[in-house]
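Topology and contacts: notes
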Amino acid sequence: MNVLSKPNMTNHWMPFTNNRMFREEPQMFAKAEGVKYWTPEGREILDGSSGLFCCAAGHGRPEIADAVYKQLSTLDYSPHFQRAAPVSFELAEKLAGILPDGLDRVFFAGSGSEAVDTAMKMCLAYHRATGNAQRTRFVSRAWGYHGVNLGGTSLAGMVNNRRDFSGVTCDVVHMRHTWTEEQRFTRGQPETDADLADDLEEICKTYGPETIAAVFVEPIAGSIGTIVPPIGYLQKLRAICDKYGILLVFDEVITGFGRTGSAFASQEFAVKPDLITMAKALTNGAIPMSAVATSAEIQGAVFEAAKGDRPEFFHGYTYSAHPVACAAGIATLDIYTNDGLFDRAKSMSGHFLDAVFGLRNLPHVSDLRGYGMMSGIQLTPGSMPGEKGSWAQRELFKEGLHIKATGDAIIFAPALVSTEENIDDMVAILQKVLGSQP
């Protein structure tokens, strides 16, 4: 691989990045295959976060590349406003086959953020269609992440994602997050604290349940560092929503497509929401795409309320159901099925979590959490919030490991195709960096 000259970095404003620091010490990828990246200089980097939790089937899958090339050569783009491409219906049908029973109506968008805003509008449209237009308030959770469009920013429970944008956010009330000090170093679901779901009951008493459209939660809070719900917590949320006619939305942008050992975390935890948002691993990260799944009941109510020849749902995107993204999605779902990757994730989880919890006594580690093939490594605080996470992310890259950090939490979630040897090699690098003296 040729060593590339340093590019002009003046014009690209990078997302969620300290651009000034990056320009001084850029960390770049030039190639990817399997569970590895390579830098422009040819240095090998293990991928410990599946890109950004996207590449569950590993990088560089020829099946996806071939499907994308074939689709580009046949139909590169088709609008989906009053027109459609057959490939979009094929993908929707395939998705319906792995989604929870009854959630078989699929609306496509381009990103997880777009999926969340779409789901919010679906909830509002449903309540209006059923004579409950007063239901305009949403409930989400502290430490939650639901993308960065205005709806998702409103739902966000991560302060830095909201701080500069509070003047344009929606009406959202936040429940507490589900992590407590007593849960430190809990593997899997904590056995206590399910009563934190009673926050929703209190919000209903304070604001009136008839004003609430929906509750949005990540089944496992991923971006904040893998906060696993207590046993019974999600079930209690479901029961309270049922009691008051509130819709329950699971944001499965990270947990979808095998990350927990089941196709979706809702199936893993045996709690059926009214809507599911998904993205990332839907196309194995190859082409941007997302989707919202809901029921025939919700779709039917919106359809029946529409008058004349107007669209039933005044919402959509230029790239909704992009045919090339659909082709990538179909190829990706075939890989998951043909390679048995959801079952593989379940069977690999034991070794993965054993390896992660082996980091317990390192000087920079204050907590460990995990479920399936995702884990959170909470770092001891630095001199200011986020400093330790930023340091760890840079140092791990230098040692040959790509990891996503949010604040002072590392999210370690390798591809589902990872071998035990791959995981051991990644954990060895974590051991080296996090075991160094503060």
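A few points on the structure. These figures come from a predicted structure and were not determined experimentally. (Residues numbered from 1 in each chain as written. Predicted model: local features only at pLDDT ≥ 70, side-chain atom pairs only at ≥ 80, totals over all residues. Heavy atoms only, no water.)

1. Topic: the overall build of the chain
In plain terms, the rule: A run of H or I in DSSP counts as a helix once it spans at least four residues, and a run of E counts as a strand once it spans at least two, with each numbered from the N terminus. Categorising residues by exposure relies on relative accessible area from a 1.4 Å probe, with only protein chains included: less than 20% of the type maximum marks a residue as buried, more than 50% marks it as exposed, and the intermediate range marks it as partly exposed. Any pair of residues with heavy atoms lying within 4.5 Å of one another is described as a contacting pair. In these tables, accessible area is a Shrake-Rupley quantity obtained with a 1.4 Å probe, and a residue counts as shielded only by the protein chains included in the view. Positive charge is attributed to Lys and Arg, negative charge to Asp and Glu, and no charge count is given to His or to the chain ends. Where a charge lies is defined by one atom per residue type: Lys uses NZ, Arg uses CZ, Asp uses CG and Glu uses CD.
Within the chain, the regular secondary structure consists of 15 helices and 15 strands. Dimensions of the chain, computed from the C-alpha atoms along their principal axes, are close to 65 × 55 × 45 Å. Considering the chain as a whole, with its 438 residues, one finds that 55% of them fall into the buried category. Contacts spanning at least 24 positions in sequence make up 72% of the contacts within the chain whose residues lie at least 6 apart. About 19,200 Å² of surface is accessible on the chain, with carbon and sulfur atoms providing 52% of the total. For the chain, the distance from the average site of its 39 positive side-chain charges to the average site of its 50 negative ones is 4 Å.

2. Some remarks on the sheet that holds strand β10 (residues 290–294)
Stated formally: At least two DSSP bridges between two strands are needed for those strands to be called paired. Fitting a line to C-alpha atoms yields each axis, with helices limited to the stretch in contact; the angle taken between N-to-C directions then spans 0 to 180 degrees.
Judged by pairing direction, the sheet is mixed, and its seven strands sit side by side in the order β4-β10-β9-β8-β7-β5-β6 without closing on themselves. Every interior strand has two partners, whereas the edge strands, β4 (105–109) and β6 (172–175), have only one. The average angle at which neighbouring strand axes cross in this sheet is 20°, direction not considered. Pairing of β4 with β10, which is carried by five bridges, proceeds in the antiparallel orientation. Looking across to β10, one finds that alanine 109 is bridged to serine 290. Across the sheet, helix α5 (residues 112–129) touches β4, β5 (137–141), β7 (212–217), β8 (247–251), β9 (275–278) and β10, and the angle it forms with β10 is around 30°. Helix-sheet contacts for helix α9 (residues 233–244) involve β5, β6, β7 and β8, and the interaxial angle to β8 is about 145°.

3. Digging into the layout of surface pockets
Under the convention used in this document: Points on a 1 Å grid, built from protein atoms alone, make a cavity when a 1.4 Å probe fits but cannot get out and make a pocket when they are open with protein on both sides within 12 Å along at least 5 of 7 lines; residues with an atom within 4 Å of a point are the lining residues. Grid points are joined across faces, edges and corners, and a volume is the space filled by probe spheres set on the points. Residues are grouped as follows: nonpolar covers Ala, Val, Leu, Ile, Met, Phe, Trp, Tyr, Cys and Pro; charged covers Asp, Glu, Lys and Arg; every other residue, Gly included, is treated as polar.
Size it by volume and the second largest pocket reaches roughly 950 Å³. In this structure, the second largest pocket is lined by 30 residues; those nearest its centre are His80, Val106, Phe107, Phe303 and Glu312. The residue inventory of the lining of the second largest pocket, partitioned by class, reads 17 nonpolar, eight polar and five charged.

4. Let's talk about the pattern of salt bridges
Any two side chains of opposite charge can pair if their charged atoms end up close together. We count it as follows: Within this document, salt bridges are pairs made up of a side-chain nitrogen of Lys or Arg and a carboxyl oxygen of Asp or Glu, the two lying within 4 Å of each other.
Tallying each qualifying case throughout the model produces 19 salt bridges. Salt-bridge contacts for aspartate 334 lead to lysine 94; the nearest nitrogen and oxygen are separated by 2.8 Å. Taken together, the residues span a long stretch of sequence, with aspartate 334 in helix α12 (residues 323–338) and lysine 94 in helix α4 (residues 86–98) at a distance of 240 residues. On the basis of relative accessible area, lysine 94 is assigned to the partly exposed category, the value being 31%. Residues arginine 137 and aspartate 171 are paired through a salt bridge, measuring 3.2 Å at the closest nitrogen-oxygen approach. With arginine 137 in strand β5 and aspartate 171 in the loop between α7 (159–162) and β6, this pair connects stretches of sequence that are 34 residues apart. Accessibility expressed as a relative area gives 15% for arginine 137, which makes it buried. According to the relative accessible area criterion, aspartate 171 is partly exposed, its value standing at 37%. Sharing partners across several salt bridges, the network here consists of Glu25, Glu395 and Lys398.

5. A look at the packing of helix α3 (residues 62–74) against α12
Where we set the bar: By the definition adopted for this analysis, an angle is roughly parallel if under 35 degrees, roughly antiparallel if over 145, roughly perpendicular if from 65 to 115, and oblique otherwise. Crossings are sorted by hand: turned counterclockwise from the far helix by less than a right angle, the near helix makes the crossing left-handed, and turned clockwise it makes it right-handed.
As a packed pair, α3 and α12 sit with axes 8 Å apart at the nearest point and diverge in direction by 150°. Relative to α12, the element α3 is oriented roughly antiparallel. For the pair α3 and α12, the crossing hand works out as right-handed. Residue-level contacts link Glu63, Ile64, Ala67, Val68, Gln71 and Leu72 of α3 to Pro323, Val324, Ala327, Ala328, Ala331, Thr332 and Ile335 of α12.

6. Observations concerning the side chain of threonine 211
Worth spelling out the cut-off: Polar contact is defined as a pair of N or O atoms within 3.5 Å, subject to the rule that within protein one atom must be able to donate a hydrogen and the other to accept it, and that residues adjacent in sequence are counted only when both atoms are side-chain atoms.
Along the chain, threonine 211 turns up in the loop between α8 (198–207) and β7. Since its relative accessible area comes to 17%, threonine 211 is described here as buried. There is a polar contact of 2.7 Å between the side chain of threonine 211 and the side chain of arginine 137. Sequence-distant contacts of threonine 211, defined by excluding residues within four places in its chain, comprise Gln134, Arg135, Thr136 and Arg137.

7. Some words on the nonpolar core
We count it as follows: What makes a nonpolar core is a set of buried Ala, Val, Leu, Ile, Met, Phe, Trp, Tyr and Cys residues whose side-chain atoms join them at distances within 4.5 Å.
In this structure, Leu95, Phe257, Ile377, Ile410, Phe412 and Leu434 are the most contacted members of the largest nonpolar core, which totals 98 residues. Not counting the four nearest positions on each side in its chain, leucine 95 is found in contact with Val106, Phe108, Phe257, Met278, Leu282, Ala291 and Leu333. Of all hydrophobic cores here, the second largest spans 21 residues; its members include Met120, Tyr126, Leu247 and Ala301.

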